[in-house]
Structures are given as C-alpha cells and as structure tokens.
Amino acid sequence: MPTKRDYYEVLGVERSAGADDVKRAYRKLALKFHPDNYKGDKAEGETKFKECAEAYEVLSDPQKRQAYDRFGHEGLRGAGMHDFSNMGFQDVFSMFNDLFGGGFGGGGRGGAVDQGMDLETEVEMTLEQVATGVEKTLEFERMDFCETCSGSGAKPGTTPDKCVQCGGYGQVQQQVQSFFGMSVRVIACPRCKGKGQIVSDPCGECRGSGRRKKKRVLSVHVPAGIQDGQVVRVRGEGEPGSSGTSRGDLHVYVRVKQHPLLGRRGDDVVCQVPISFTQAALGGRLGVPTLTGREEIDVPAGAQNGDVITLKQRGLPNARSGKKGDQYVQVFVEVPRKLTSVQRGLLEQFAATEDQNITPQRKSFFEKLKEYFS
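Given the structure is predicted, the values throughout are model-derived calculations rather than measurements.

A. Structural context of the pairing of strand S14 (residues 308-311). The alternating pattern of S14 places Ile-309 and Leu-311 on a buried face, while none of Val-308 and Thr-310, on the opposite face, is buried. Note that S14 and strand S15 (residues 327-334) share four bridges and pair antiparallel. Across the sheet, the residue bridging to Val-308 is Gln-330, located in S15.

If you want it as structure tokens, here you go:
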C-alpha cells in the first residue's frame, strides 16, 4: 500500500493554519488541478486533485482534524471518510459547493442554478493610490465559451444528444448503504457529467468541451482607504457554468506596496524624521514627506528626542466613513559623530553655560533616581 502524504503538506499549510487558510489553500489547488486548467498529465492531475480533496475533508472538519493531529492517518479509521478514488470530478466538486460558488456543473436541468467558477487575481497599489482610490486595468485568462460551437461542444451543424442514462436531467439517484440502512442520494450523472447531453461529434476547436481559454481585459475601481489583503469582488467576471446560465465572480486581492518613508497604522500615517540638536534646541522649519508630497512643518524650540508632531487629516480616508486619519511625525535628534575645531570650540563655550543652567535639574534627577532604588 502506498504511504499517504501528510495532509498539511498536501495543502501546503502550517499545522497552526486556521479554517480560512485551509479553505483558501484547497480552493487554489482544486482550481490548479481541474481538468480545464491542469496542463500536465490528466491522470496525474486527477490523482492530485483527489488527494487535495481528501486532505481538505479532514482539515476542514474540527473533529477529524483533532483525531488526525493526535493519531495521524490511523486516527481516521471509521471516521466516515469518503472514497475519493472512486469518485469523479463533478461528484467531488458538488461536495464543496461553498468553495466554488455553486459547483462545476452537476446542477442539470432539474437542479439548482448552475453557478460558474470564481476566479482570483491580484493588484498592487502604492500608499498614495490608497489615499485617492484608483482604476486598475487587469489582464487575465479565463475559460469561456468556444466561439466555433457557441459553447455546445458539438461540431458546427450538429447538436448534442440527450443522455440516455439520466434522460437529459443531468442527475441520477444512487442507493447508499449506511449504518442506518439503505438511503438514496441524488448525484451528477456519471455518463454526461451532469450536463444532460452527450456530444457524439465534438467541435474541433474545443474538442467537445465547449470551452476555450480567452484573454480578458477589465478595468476595476479600487476604492480609497482599502487595506492590504482586502478583496474587491467583481460580479459576473468569472467563468460560466456548464449551462451558461450564470457566471462566477472575480476576486481581486489588493497588495499595498511598502512606502520608503511612510508607514501605515490603520487610517493614520507615521514617519520618522531626523533633526540636528541645534534644530531641536532652537526650533525651525522642517520639510517632511506626506501622501501629497513634501510639506514644511514647524519644529518647536526645545523639541526632545522622540517627540511627535501631529498633522491633522493628512492620513488615509476610512473606507466606510471617508473620514481622514492623521499623520504623526516623530523627530529623532542626531548627534554629529565628527566635529570641526570651530564647532568643538563653540560647543565647549556652550557647555560652560549649560552646566550652570541645568545643574539643579541634574541633581533633582539623581535624587529621584536614588529614591527609586532605595
């Protein structure tokens, strides 16, 4: 008997992965190994797909996952696992409809709405674009109806035949022996894969699938204030279902590039700016980066290392309310590593006066320090 791979390894997730991470990982792998997408050997792709489905069945179920974490594959004996090796693609997809927006076919004429497959892509944005919102042009490929056969899969001039096994309904009843006795379930017809039709003379362009990969160019509006990792959902831009009645959606994941000078804290923006000790002592004007470019701010005399200057409403807009956050400028006093003889002489003169002015403060500090440790 071949040794089964670790389920976490199969899905490529950590053992501490949450339910959403497991679901997301399985969905990506299921799409990758789908026969319409997998470019390698079809038998190999089907084997990998069923391996992923088995791993997801365990890791998505809290009780099965707990047993697996404690005892490995042996802990799943008698746990009611499905035998994916004897199931077809359509049957497995129908088990996980929540992942695929209604499944891949299998609905048939008498079934539920034949929702097509959802797609995913990513866009990258700068922090400045997050502040204003932006229109992004996306280019991607998706499986779409074959133009030659209009999606029927049949050679032009011919029509598909009604499936004799399901009578054109795309579904059949199957008796299942369980602990409670015989039960009946409705599954996708194994002969026509839930389509209700059989193509006897297939289209030469799509080889009877009714689908071909097509390039799609789409403009998507990404709203201002969006967070890194959030998703913009574009309805109806996924792939069509087997009957073509409804398309899936396109999920656009947003990635915000790291700004070289500015950081983000929710709707607020932060930056750290160095100043000289003379600027800290005397105060003055200082140029700082903002989302709209360089801006001059006033540094108050006597500024201390780490002090923060607040620029009201210079942050990012809230995605819901539209209210802008603030920008916080933290100043750091830089001490020069090398001094000229003139600079050293001036500082020594200043030090002579400084000692007289701050000696009482230093004594007060040391007295407090002594009291703290006493």
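B. Spotlight on the packing of helix H2 (residues 19-32) against helix H3 (residues 42-59). Put simply, H2 and H3 touch, their axes get as near as 10 Å, and they point 165 degrees apart. Taken together, the axes of H2 and H3 lie roughly antiparallel to each other. For H2 against H3, the interelement crossing comes out left-handed. Here H2 contributes Val-22, Lys-23, Tyr-26, Leu-29 and Ala-30 to the contact with H3, which in turn contributes Phe-49, Cys-52, Ala-53, Tyr-56 and Leu-59. Class assignment for the residues of the contact of H2 with H3 results in nine nonpolar, no polar and one charged.

C. Geometry of the sheet that holds S15. Here we have four strands laid out as an open sheet, ordered S10-S11-S15-S14, and mixed in their pairing. The open sheet has two free edges, formed respectively by strand S10 (263-265) and S14, since each of these has just one partner strand. When strand polarity is set aside, the average angle formed by the axes of neighbouring strands in this sheet is 30 degrees. Where strand S11 (residues 268-276) meets S15, eight bridges bridge the pair, whose relative direction is parallel. Considered in S15, the bridge of Gln-272 is made with Gln-330.

The rules we used
Residues numbered from 1 in each chain as written. Predicted model: local features only at pLDDT ≥ 70, side-chain atom pairs only at ≥ 80, totals over all residues. Heavy atoms only, no water. Buried < 20%, exposed > 50% of the residue type's maximum accessible area, 1.4 Å probe, protein only. Helix = DSSP H or I, 4+ residues; strand = E, 2+ residues; numbered from the N terminus. Pairing = 2+ DSSP bridges. Axes fitted to C-alpha atoms, helices over the stretch in contact; angles between N-to-C directions. Parallel < 35°, antiparallel > 145°, perpendicular 65-115°, else oblique. Left-handed = near helix turned anticlockwise from the far one by under 90°. Contact = heavy atoms within 4.5 Å. Nonpolar A, V, L, I, M, F, W, Y, C, P; charged D, E, K, R; others polar.

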